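Coordinates in review
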2 protein chains.
Amino acid sequence: MRKRAASDEATRIRLLEAAGPVFAAQGFHKAKIRDICARAGANVAAVNYHFGDKLGLYTEVLRYSVSAAVLDPGLITGAPEAKLRGFVHMMLDSVFKATRPAWYMKLVLQEMSNPTPAIDELVKEFIRPRYRLLCELIGEMIGQSRNARITQLCAHSVVGQARHYLIANIVIERVWPQFRFTPDELEELTDHITAFSLAGIKAAGKTRKKIRSKSAAWGK
Amino acid sequence: MRKRAASDEATRIRLLEAAGPVFAAQGFHKAKIRDICARAGANVAAVNYHFGDKLGLYTEVLRYSVSAAVLDPGLITGAPEAKLRGFVHMMLDSVFKATRPAWYMKLVLQEMSNPTPAIDELVKEFIRPRYRLLCELIGEMIGQSRNARITQLCAHSVVGQARHYLIANIVIERVWPQFRFTPDELEELTDHITAFSLAGIKAAGKTRKKIRSKSAAWGK
DNA sequence: GCGCGTTTCAAACATCTGTTTTAAACTGGC
DNA sequence: GCCAGTTTAAAACAGATGTTTGAAACGCGC
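Residues numbered from 1 in each chain as written. Chains lettered and ligands numbered in written order. Predicted model: local features only at pLDDT ≥ 70, side-chain atom pairs only at ≥ 80, totals over all residues. Heavy atoms only, no water.

1. Section: the packing of aromatic side chains
Basically, it comes down to this: Any two rings among Phe, Tyr and Trp, with Trp reduced to its six-membered ring, count as a pair given centres within 6.5 Å; such a pair is stacked if its planes are under 30 degrees apart, edge-to-face if over 60, and tilted if neither. We call a residue buried when its accessible area falls under 20% of the maximum for its residue type, exposed when it is over 50%, and partly exposed in between, using a 1.4 Å probe and counting protein chains only. A ring is scored as having a charge over it whenever the NZ atom of a lysine or the CZ atom of an arginine sits within 6 Å of its centre and within 35 degrees of its normal.
Under the criterion given, the structure shown has 15 aromatic pairs over all chains. Considering the side-chain rings of F23 of chain A and F28 of chain A, the 6.0 Å spacing of their centres and the 20° angle between planes classify their relative orientation as stacked. With a relative accessible area of 13%, F28 of chain A lands in the buried category. Through a chain of ring-to-ring contacts, three or more aromatic side chains come together here, namely Y165, W176, F179 and F181 of chain A. Directly above the ring of F126 of chain A sits R130 of chain A, whose terminal nitrogen or CZ lies 3.8 Å from the centroid. K54 of chain B extends its terminal NZ or CZ atom over the ring of F28 of chain B, reaching a point 4.6 Å from the ring centre.

Now the structure itself:
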């Protein structure tokens, strides 16, 4: 019996490459395996043969592209402000890039909106490390632990803003038709979210101190 | 021929009342009309008889509950800061309220994430007026038009934050298990988003002025 | 070139779910 | 109390779509 050799996995690879953009654009449920197979030039049965079922393919797509170095949090370096911008940029950048690593963020956002059983692995392998990074960054800014409530609230404020633009396009284009996702406007948007959040984070840090001194004033 | 009298619409009303929470919790596609009919104590054919099809029922549910005064932005009064908090509260409050008017916000958020053909009417009748209100509010704060880019960017920053908590619970509970949607924490969250946004908006106003004076310095 | 495990393919299958059908039950007016 | 129009009910229907089947094609080692 011959084990699966690299050369034999051509169809498997083609399926993974074809499925990524489809799942990223349409989400798990709306994506049709007949569509994916057509793009991959493969028979529908190939999905079952190579991955067991649709969810198996989906899970493998997630694993297959999580290694994309472009999204490596290690790339985000420098001053806290620059790091924050790097984080926001990482999230928004995926709008344009159609290359393999980039649609991964769309996959993540799809999964956040419409979770599948793959959510657990995705959280563990991708989301949690980046969430932690963001919390450490914010905590550092306001002199709080990364586990502090205020720190995590701020983290979700940052993520929420970026996410909004990536998944609410249909509504945004109706209430604000002038807004377009050109590269220039993406930069503008990145700058806005960064500046807006920076101010919000600083204010949160001050409020926290205020509350603390207030408690101190009340005595113990 | 007898026209549809009020007393004849018992089934119709029961269907609308039963469908609201189901659509709000699961969205249009995941909601099953057999489930809705079972809750309403009606036959599946009743949906087609009274509303034509599933989308007809969905659209009527949207119309049926849009009049809910709880979500009336006119109720949001006071200083700009208080108005902003009122707006945020309006969005978040729907998490708990299981009463008729309250799950409407969930319907709106579902529609924003997974639009149906009903999106146009929803934008026109519900979203746009509130978006305009928010923009006027923010514009007033930073001395800009409600149509200014910076104003609208800030508006989306506010909406994005609130929306995040209402639709990403699955992820939030995994990266931050301690967070719960108790009434107290909902107040805390409302306060946080308001304060965070207030700081962000003020900073955006200042940046704008800075840019303007910079342009002025460059001469014309 | 034979044999055996591997891979591909077209077709059939199964299920879920919105929709339609057809007849029966009901309701109010005469 | 019957009739016309209205409403309800159970069942059948139809389309989309994930899954399985069984046979054919392939490819490597002997």
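Now that the structure is up, let's keep going.
2. Digging into the domain arrangement of chain A
When the parts of a complex come together, some accessible area is lost, and that lost area is often used as the size of the interface. All names here are of chain A. In plain terms, the rule: What marks off one domain from the next here is an automatic or database domain assignment. As used here, buried area is the combined drop in accessible area, with a 1.4 Å probe, of two parts when they are placed together. Salt bridge criterion: a side-chain nitrogen from Lys or Arg within 4 Å of a carboxyl oxygen from Asp or Glu. Under this definition, polar contacts are N or O atom pairs within 3.5 Å; protein pairs additionally need one hydrogen-donor-capable and one acceptor-capable atom, and for neighbouring residues in sequence, both atoms have to be side-chain atoms. Strands here mean DSSP runs of E at least two residues long; helices mean DSSP runs of H or I at least four residues long; both are numbered from the N terminus.
Under the domain assignment, chain A is made up of domain 1 (2-66) and domain 2 (73-210). Taken over both partners, the interface formed by domain 1 and domain 2 buries close to 1400 Å², and the fraction arising from carbon and sulfur atoms is 67%. In this assembly, domain 1 and domain 2 are joined by 1 salt bridge. Residues R63 and E121 are paired through a salt bridge, measuring 2.5 Å at the closest nitrogen-oxygen approach. One can count 5 residue pairs in polar contact (both at pLDDT 80 or more) joining domain 1 with domain 2. For the side of domain 1 that touches domain 2, the secondary structure elements donating two or more residues are α1 (10-30) and α4 (54-66).

3. Here we look at the interface of chain B and chain A
For clarity, the threshold we go by: The contact definition used throughout considers only heavy atoms, calling two residues in contact when any of these lie within 4.5 Å.
Counting from both sides, the interface comprises 42 residues of chain B and, opposite them, 42 residues of chain A. Here chain B meets chain A over a buried area of about 4200 Å², counting both sides, of which 63% is carbon and sulfur. The interface formed by chain B and chain A holds 6 salt bridges in total. Residues R149 of chain B and E185 of chain A are paired through a salt bridge, measuring 2.7 Å at the closest nitrogen-oxygen approach. Counting every contact that joins chain B to chain A gives 18 residue pairs in polar contact (both at pLDDT 80 or more). Within the residue set of the side of chain B that touches chain A, elements represented by two or more residues are α7 (119-142), α8 (149-167), α9 (169-175) and α10 (183-217) of chain B. In terms of residues, the side of chain B that touches chain A owes the most to one element, α8 of chain B, which gives 14 residues.

4. Points about the pattern of salt bridges
If you walk through the whole model with that rule in mind, you get 22 salt bridges over all chains. Of the charged contacts, one joins D191 of chain B and R85 of chain B as a salt bridge, the two residues approaching to 2.8 Å between their closest N and O atoms. Of this pair, D191 of chain B sits in helix α10 while R85 of chain B is found in helix α5 (residues 80-92), placing the two residues 106 residues apart along the sequence. Given a relative accessible area of 40%, D191 of chain B falls into the partly exposed group. Where salt bridges share partners, they join R12, E60, R63 and E121 of chain A into one cluster.

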